[in-house]
Amino acid sequence: PVFPDSEQLHFRHRDLMESLSMDSPLGISELTFTNLYCWEDKHTRISHFGESLILSAHPFGKSPYLFPPLGNIDIPQFLEEWKTSNQQNPMTMRLVPESMLTHFSGMNIVEDRSNWDYVYLQEQLSTLQGRNFSKKRNLIHQFESRWPESQLVKIDNIHMLDLADFLIRWCSMRNCAEDETKQREYKAIIRCFENWEKLNCLGAGILIGGRMEAFTVGEPLSKDTFVIHFEKANPDFIGLYQVINQQ
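Residues numbered from 1 in each chain as written. Predicted model: local features only at pLDDT ≥ 70, side-chain atom pairs only at ≥ 80, totals over all residues. Heavy atoms only, no water.

A.B. asks: Tell me what's going on with the pattern of salt bridges, and back it up with residues and numbers.
C.D. replies: Counted according to the given criterion, the structure contains 11 salt bridges. Three or more residues joined by partner-sharing salt bridges are found here, namely D165, R169 and E213. (Salt bridge = Lys/Arg side-chain N within 4 Å of Asp/Glu carboxyl O.)

A.B. asks: Residues and numbers for helix α3 (residues 75–86), please.
C.D. replies: With 12 residues, α3 extends 16 Å from end C-alpha to end C-alpha; this agrees with the ideal 16 Å at 1.5 Å per step. For α3, every residue scored as buried is listed here: I75, F78, L79, W82 and S85. Buried residues in α3, looked at end-on, bunch into an arc of 125°, giving them a common side. Buried residues belonging to α3 abut β2 (45–49), β3 (52–57), β4 (65–66) and β5 (92–93). (Helix = DSSP H or I, 4+ residues; strand = E, 2+ residues; numbered from the N terminus. Expected span 1.5 Å × (residues − 1). Buried < 20%, exposed > 50% of the residue type's maximum accessible area, 1.4 Å probe, protein only. Arc of directions from axis to C-beta. Contact = heavy atoms within 4.5 Å.)

A.B. asks: Now, about the state of the cysteines: what can you tell me, with residues and values included?
C.D. replies: Summed over all chains, the structure comprises one disulfide. Across the disulfide from C171 sits C176; the S-S distance is 2.5 Å. Taking the sign of the S-S torsion, about -75° here, the bridge from C171 to C176 comes out left-handed. The same class applies to C171 and to C176, which are both buried. Of the cysteine sulfurs around C38, a residue in no disulfide, the closest is that of C192, at 4.4 Å. (Disulfide = S-S within 2.5 Å.)

A.B. asks: So, the sheet that holds β3: which residues are in play, and what are the values?
C.D. replies: If you walk across this open sheet you meet the five strands as β1-β2-β3-β4-β5, and the pairing is mixed. Every other strand in the sheet has two partners, leaving β1 (7–8) and β5 as the edge strands with one partner each. In this structure, β1 lies alongside β2, joined through two bridges in antiparallel fashion. Across the sheet, residue E7 finds its bridge partner in β2, namely I46. Sitting on the sheet, helix α1 (residues 14–22) is in contact with β2 and β3, with an inclination near 110° to β3. (Pairing = 2+ DSSP bridges. Axes fitted to C-alpha atoms, helices over the stretch in contact; angles between N-to-C directions.)

See below:
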């Protein structure tokens, strides 16, 4: 459908979203098919506007909102269409990158620090050189010396039960039952694992004594950026989180 009409996000939209993301300068970690599909409580909807995709979230009990357009687009033309549709169905736009703000002059712009992305250089994470990473290096050395039998594995279908078991244990340690945000994240991770073959994700896990105790899951966001969707580690193993974060 053409904006402002829309339909529910579906797997048939995955390839086009990922293709547009590869060439997009936006670099927004949340604006990926995997993220929007797995966090199903956002009830993401999708529509077309020219050669671009317009995605919107419609969470229960909360105001709906738009994501920045994904793909080549005439932004002034889209903003005019958005203003027209807002007269009947008001929606804000979230996660707007700084590079797009010049197009929003005259509008109410609010800084949203809670949704800022953290960007790291791959070389820094892999080498951990310099004084700023000394604490992380020490924690990794502690882990490696204490648990030399730990094993790094590439996540595949054979690990899904082990990952689900670890996630249940992690939730118990983190009191997920008393935290709505953690409950939502748990459901999103399980949805990711249940649809592993359909999603273009990559992941790694760490086994200790043959038991899964940490994992990281992500995917390419663009030609030069990789986004981490989920990353968990058993806090009982000192340095384990730093080890999985480095992979």
